[in-house]
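# Per-entry structural report
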Amino acid sequence: VEEGRGIFGNIKKYLMYLLSSNIGEILLMAVAILFGSLIGLSPGAIPLVAVQILYVNLATDGLPAIAMSVDPADPDIMRQKPRPRGQGIFTKPVVILMSIGGVWSMLVNLGIFKWALDAGRGMWEAQGLCFLTLVLIQFFKAYNYRSDKKSIFKIGFFKNKWLNLAICWEAMLLLIIIYVPFLQEPFRTFSLSVFDWALVILLAATIFPVLEISKAIIRYQERKRPSLTSS
């Protein structure tokens, strides 16, 4: 029973992470293409080019997702109530967290893309900043989605060694495509200033409080529900 619960939980984490990431990317491109003129984007302004999208899907999302499939089980897993027989993976809290993570990712990345263009940074740098922010958000999401209910501060940041190694490896690859000159042109990257790094890290890190607050609201509603039923 314990092993089965652990496997089910890890499948849920894996899917939450991947689907939330895909939701964010799809919304980012769709909103920019379909409603770009309404938010002040010039015709043909797209936040990401094809090679950046492929890199995020094949490189950035792959290893962390695999690492989440072997995430350590919660210490209190055998004290949790059995889930209903007909309950699947995509419960209401799971769908809410995936949607919030995807929508927030879209807002942050679209925001930095438009800001860069308005600041006169040019399309190349705007896409590079958007790309970097998206990758960093995916890194942060991987830790947040280690649980659909518990706070990351309670379950711990670094208990999954494979996830830590995956993030470190992906971070090294990211630095290579940012600073190696012959990779900058295909990936639309450039050598960032200290201000640029501070900006993208700060914006990407906003996913932490957003998902933590969402989890807190979900926990509060679940604690409140039995009292409403009994009354």
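Above this note sits the structure.
Note that the structure is predicted; figures quoted are calculated from it, not measured.

### Observations concerning the packing of aromatic side chains
With the rule as written, the count across this model stands at five aromatic pairs. On the numbers, 6.3 Å between centres and 45° between planes, the contact of W115 with F195 is tilted. With a gap of 80 residues between them, W115 in helix α4 (residues 92-118) and F195 in helix α9 (residues 194-205) connect regions that are remote in the sequence. What makes W115 partly exposed here is its relative accessible area of 34%.

### Observations concerning helix α5 (residues 122-144)
The terminal C-alpha atoms of α5 lie 33 Å apart, and with 23 residues this matches the ideal 33 Å at 1.5 Å per residue to within 8%. For α5, the buried fraction is high: 18 of the 23 residues fall into the buried class.

### Looking at the pattern of salt bridges
Counting across every chain of the model gives seven salt bridges. A salt bridge links K13 to D71; its shortest N-O distance comes to 2.7 Å. Of this pair, K13 sits in helix α1 (residues 2-35) while D71 sits in the loop between α3 (62-68) and α4, placing them 58 residues apart in sequence. Across the pair, D71 and K13 agree in class, each one buried. Sharing partners across several salt bridges, the network here consists of K13, D71 and R146.

### Observations concerning the environment of I155
In this structure, I155 sits in helix α6 (residues 152-155). Assessed through its relative accessible area of 10%, I155 is described here as buried. The spatial distance from the C-alpha of I155 to the C-alpha of Y143 is 9.9 Å, given a sequence separation of twelve residues. The contacts of I155, once residues within four sequence positions are left out, are D74, R146, S147 and K150.

### Let's talk about the layout of surface pockets
Considered as a void within the structure, the largest pocket measures approximately 1,200 Å³ in volume. Along the walls of the largest pocket sit 33 residues, with K12, Q80, K81, D148 and K149 positioned nearest its centre. By residue number, the principal contributor to the lining of the largest pocket is α1, which donates eight residues. Grouping the amino acids of the lining of the largest pocket by side-chain chemistry returns eight nonpolar, eight polar and 17 charged. Approximately 170 Å³ is the volume attributed to the second largest pocket. If you trace the second largest pocket, you find it lined by K13, D71, P72, A73, D74, P75, D76, R146, K150, K154, I155 and K159.

### Some words on empty space enclosed by the protein
Scanning the entire structure with this criterion turns up one cavity of 30 Å³ or more. Reported here for the largest cavity is a volume of approximately 30 Å³. Along the walls of the largest cavity sit G128, L129, F131, L132, I178, T189, F190 and L192, which together make up its complete lining. It is α5 that contributes the most residues to the lining of the largest cavity, four residues altogether. For the lining of the largest cavity, the per-class residue count stands at six nonpolar, two polar and no charged.

Cut-offs applied
Residues numbered from 1 in each chain as written. Predicted model: local features only at pLDDT ≥ 70, side-chain atom pairs only at ≥ 80, totals over all residues. Heavy atoms only, no water. Phe/Tyr/Trp six-rings, centres within 6.5 Å; stacked < 30°, edge-to-face > 60°. Helix = DSSP H or I, 4+ residues; strand = E, 2+ residues; numbered from the N terminus. Buried < 20%, exposed > 50% of the residue type's maximum accessible area, 1.4 Å probe, protein only. Expected span 1.5 Å × (residues − 1). Salt bridge = Lys/Arg side-chain N within 4 Å of Asp/Glu carboxyl O. Contact = heavy atoms within 4.5 Å. 1 Å grid on protein atoms, 1.4 Å probe; cavity = no way out; pocket = protein on both sides within 12 Å on 5 of 7 lines; lining within 4 Å. Points joined across faces, edges and corners; volume = space filled by probe spheres on them. Nonpolar A, V, L, I, M, F, W, Y, C, P; charged D, E, K, R; others polar.

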